[in-house]
Amino acid sequence: MGNQVKINIRGIIHILGIVLVLEGVFMTSCIIVSMIYHEKDIKTFFLATTILLLSGLVCWKLTNTNRSKTFGIRESFIIVSLAWFLMSLFGAFPYLFSFSIPSFTDALFESVSGFTTTGSSILIDIEALSHGMLYWRSLTHWIGGMGIVVLAVALLPFLKIEGVLLFNNEASGIMQEKLHPRIGNVAKRLWIIYVGLTLTETLMLWAGDMELFDAVCHSFGTIATGGFSTKNKSIAEYSSYVQYVITAFMILSGINFTLHYFALKRQFKKVFHNEELKYYLLFIFGFTLVITIQLFSRFHTGLEEAFRRAIFQVASIITATGFATDDYLLWPNLSLLLIFLLMFVGASAGSTGGGIKVIRHVFLFKKIRASFRQQMHGTAIIPIKINNNPADPRIVHSVLSFIAIYLLTFLTGSLIMVFLGVDFHTSIGSVITCMGGIGPGLGDVGPVGNFSGIPQTGKWLLMFMMLVGRLELFSIFVIFTPQFWKN
């Protein structure tokens, strides 16, 4: 027993209480939306919000001691993992209370998909939902996109709580740049940029053929790279202008948010010399070029239409947004293969996008090249450089381990889905799209399908895959290791 580690339970409950209160504050806006549209869901959201706020306040206030405000790396891992599960659990209440989604498994699936910005849905008729429910569905994306834990970290300095460990475990990807030595200020600056992008896109969509309500919801889904739409046909419902606006903001949202900050500070050298950004844009425009040529030659459409269809879907998949204007399952085989490969690429580290992340692929490419050069030059030590700076060998090792575990998790999940009776294409498509937070996959869960036909056990597995992918594997997997619970 002496070897067993002591966990600050009060500290964990305290922070989770803060997170739940913040979620409750966000949910109150749904009451206002329901009142504006004179819908019966006012009582539903009032009840769900009351439960959420009371639960959060009880957890927060009953553990409000000095001991609860100090915690280490183990507590931070537990908090981040539990925060996403609890947010999703409470976030399912509006669906259940309104009977919009009467099944608990389906309601939780929709909620987990929202908060993890996956965008996979079990809904067959999205437009049958009320405005309040559609708004909440999109808002879960927006909350989860930057991470309510990061928002909590922005407020922690005022509560005299150290939030650096939480930020490091929640912030997505490998942060190559630093914004500010105080982590609370970092979180606040990221949220300012996040809100600014959302408002800008909303105004631009509203200037097109979108109503204000739809503009807000689609901006939530774009900036968070989530993909929930208010329409059954997703973005295919809208004009070319709207499609180009959403494409541009999907690409912007897939860029490391620290680079947005540097651009605002006019530190353009740091932006233009960022290797991950260069590779990210190269992936987008390289894949778009090939697919444009394929669509133009196969379907004999205009060149502009072929380009628009190609770049929209490429941007949607690589950033893990998941909006659709096309059924890419009907595209030529090479284009479909490229779309499938993009599901493994992901957006930039430090963005709201999902997937493996471009920077990890850059590390992998450079490691492979260095290995070949080392074979030719014997005992020569060839450093791997990122942005002209030598990379720490521990980071390189961590990146390679991450990619290996990611692929192993994908293969394991796919095998389980096949074992559950799901066909091969749907199995691999559903697992990779949920791990990468993409939304649509292959087979029955393609861009014109949904996840309603997945067996119940399969939905629970996919929910786990969404959480694992959103928290970058290690944050959840490490909790299940014996070493985590030992000194």
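Residues numbered from 1 in each chain as written. Predicted model: local features only at pLDDT ≥ 70, side-chain atom pairs only at ≥ 80, totals over all residues. Heavy atoms only, no water.

K.L.:
Where do I start with the environment of Met435 in this structure?
P.N.:
Assignment of secondary structure puts Met435 in helix 19 (residues 424-435). When the C-alpha atoms of Met435 and Phe464 are compared, they prove to be 8.7 Å apart, with 29 residues separating the residues in sequence. When residues no more than four places from it in sequence are discounted, the contact partners of Met435 are Tyr406, Thr409, Phe410, Met465, Gly469 and Leu473. (Helix = DSSP H or I, 4+ residues; strand = E, 2+ residues; numbered from the N terminus. Contact = heavy atoms within 4.5 Å.)

K.L.:
I would appreciate a short explanation of helix 14 (residues 275-299) in the present structure.
P.N.:
Each α-helix winds once per 3.6 residues, and so residues spaced three or four apart point in a common direction. Here helix 14 spans 36 Å end to end across 25 residues, near enough to the 36 Å set by a 1.5 Å rise per residue. Buried within helix 14 are the following residues: Glu275, Glu276, Leu277, Tyr280, Phe283, Ile284, Phe287, Thr288, Ile291, Thr292, Gln294 and Leu295. With a side-chain oxygen positioned 3.2 Å from the backbone nitrogen of Glu276, the residue opening helix 14 is Asn274. Positive phi shows up at His300, right after helix 14, with a value of about 55 degrees. (Expected span 1.5 Å × (residues − 1). Buried < 20%, exposed > 50% of the residue type's maximum accessible area, 1.4 Å probe, protein only. Polar contact = N/O pair within 3.5 Å; in protein donor to acceptor, adjacent residues only side chain to side chain.)

K.L.:
Would you mind showing me how to read the nonpolar core here?
P.N.:
Burial of nonpolar side chains together is a common tendency in soluble globular proteins. Trp136, Leu139, Ile246, Tyr280 and Met343 are the most contacted members of the largest nonpolar core, which totals 143 residues. At 13 residues, helix 1 (residues 9-36) tops the list of elements feeding residues into this core. Contacts of Met343, omitting those with residues within four sequence positions, involve Ile317, Tyr328, Ile432, Ile438, Pro440, Gly441 and Leu442. (Core = buried A, V, L, I, M, F, W, Y, C linked by side-chain atoms within 4.5 Å.)

K.L.:
Is there a simple way to think about helix 18 (residues 393-419) in this case?
P.N.:
Over its 27 residues, helix 18 extends 39 Å from the first C-alpha to the last, a length consistent with the 39 Å expected when each residue adds 1.5 Å. For helix 18, every residue scored as buried is listed here: Val396, Val399, Phe402, Ile403, Tyr406, Thr409, Phe410, Gly413, Ser414 and Met417. Of the surrounding elements, those touching the buried residues of helix 18 are helix 16 (333-342), helix 17 (358-376), helix 19, helix 20 (456-470) and helix 21 (474-477). Backbone geometry just downstream of helix 18 places Gly421 in the positive-phi region, at approximately 100 degrees.

K.L.:
Just checking my understanding: could you explain the packing of helix 14 against helix 16 for this structure?
P.N.:
When two helices pack together, you describe them by how their axes are tilted relative to each other and by the distance separating the axes. Following both chains from N to C, one finds helix 14 and helix 16 inclined at 155 degrees, their axes separated by 9 Å at the closest point. Judged by the inter-axis angle, helix 14 sits roughly antiparallel to helix 16. As helix 14 runs across helix 16, the sense of the crossing is left-handed. Packed against helix 14, whose contacting residues are Phe287, Val290, Ile291 and Gln294, the element helix 16 presents Leu334, Ser335, Leu338, Ile339 and Leu342 at the interface. Across the contact of helix 14 with helix 16, the residue classes tally to seven nonpolar, two polar and no charged. (Axes fitted to C-alpha atoms, helices over the stretch in contact; angles between N-to-C directions. Parallel < 35°, antiparallel > 145°, perpendicular 65-115°, else oblique. Left-handed = near helix turned anticlockwise from the far one by under 90°. Nonpolar A, V, L, I, M, F, W, Y, C, P; charged D, E, K, R; others polar.)

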